[in-house]
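Structure assessment
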Amino acid sequence: GACIFSGQPFRCATTRFENDYLIPQSAESSVPNCEGCPDGQTLVYDHCKNHPWWVNVTTLVTTAQDLDHQNLTNSLENLQDDRVFLFRGSHD
């Protein structure tokens, strides 16, 4: 099973989605690694949390499945028949 407190979907913070707003990459940028960003550009900090309408859930599922098939993460089958609890604070 899994119990997650104030978590984001796997790889959401570093994945570029079609409607994401990009900012120039700099030493002050909060997202140093962006999957799918052009050189010199990165994502707005906490884009999944603050702009959930930008998130493409299908992309996140596909990414998790691809990593699973490449044995680069724990198998998704481990959660197939388990209980999963998700919690978030009211002021996060």
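Below you will find a few notes about this structure. (Residues numbered from 1 in each chain as written. Predicted model: local features only at pLDDT ≥ 70, side-chain atom pairs only at ≥ 80, totals over all residues. Heavy atoms only, no water.)

This brings us to the packing of aromatic side chains. If you walk through the whole model with that rule in mind, you get 1 aromatic pair. A centroid spacing of 5.0 Å and a plane angle of 15° characterise the contact between F5 and F87, whose relative ring orientation is stacked. One end of the pair, F5, is in strand β1 (residues 2-5); the other, F87, is in strand β4 (residues 84-87), with 82 residues separating them in the sequence. Residue classification places F87 among the partly exposed residues on the basis of a relative accessible area of 41%. (Phe/Tyr/Trp six-rings, centres within 6.5 Å; stacked < 30°, edge-to-face > 60°. Helix = DSSP H or I, 4+ residues; strand = E, 2+ residues; numbered from the N terminus. Buried < 20%, exposed > 50% of the residue type's maximum accessible area, 1.4 Å probe, protein only.)

Side chains that differ in charge, positive against negative, can pair when their charged atoms come close. One pass over the full model with this rule turns up 1 salt bridge. The shortest N-O distance in the salt bridge between R11 and E35 comes to 3.4 Å. Placement of R11 in the loop between β1 and β2 (22-24) and of E35 in the loop between β2 and β3 (41-43) is noted, with a sequence separation of 24 residues between them. (Salt bridge = Lys/Arg side-chain N within 4 Å of Asp/Glu carboxyl O.)

With that settled, the discussion passes to the side chain of H47. Position of H47 relative to the elements: it lies in helix α1 (residues 47-50). A distance of 2.9 Å separates the side chain of H47 from the backbone oxygen of C12, its partner in a polar contact. Among all residues touching H47, those that are not within four sequence positions of it are C12, A13, T15, F17, D20, P52 and W54. (Polar contact = N/O pair within 3.5 Å; in protein donor to acceptor, adjacent residues only side chain to side chain. Contact = heavy atoms within 4.5 Å.)

This paragraph deals with the side chain of T15. The topology assignment puts T15 in the loop between β1 and β2. Within polar-contact distance, the side chain of T15 engages the backbone oxygen of R11 at 2.6 Å. Non-local contacts of T15, meaning those with residues more than four positions away in its chain, are made with D20, E35, L43, H47, T59 and L60.

Turning our attention to the state of the cysteines. This model, assessed by the stated rule, comprises 2 disulfides. Across the disulfide from C12 sits C48; the S-S distance is 1.9 Å. The chirality of the disulfide connecting C12 with C48 is left-handed, given an S-S dihedral of about -105°. Pair noted here: C12 is in the loop between β1 and β2 and C48 is in helix α1, with a separation of 36 residues, a long-range link. Of the two residues, C12 and C48, both sit in the buried class. Covalently, C34 is tied to C37 through a disulfide, its sulfur atoms 1.8 Å apart. The sign of the 60° torsion about the S-S bond sets the C34-C37 disulfide as right-handed. The two residues C34 and C37 agree in class, both being buried. Going through the protein chain in sequence order and numbering each bonded cysteine, the pairs you get are 1-4, 2-3. Here C3 is not disulfide-linked; the sulfur of C12 is the nearest cysteine sulfur, at 20 Å. On the basis of relative accessibility, which here comes to 46%, the residue C3 falls in the partly exposed class. (Disulfide = S-S within 2.5 Å.)

Shape descriptors only; they carry no functional weight alone.
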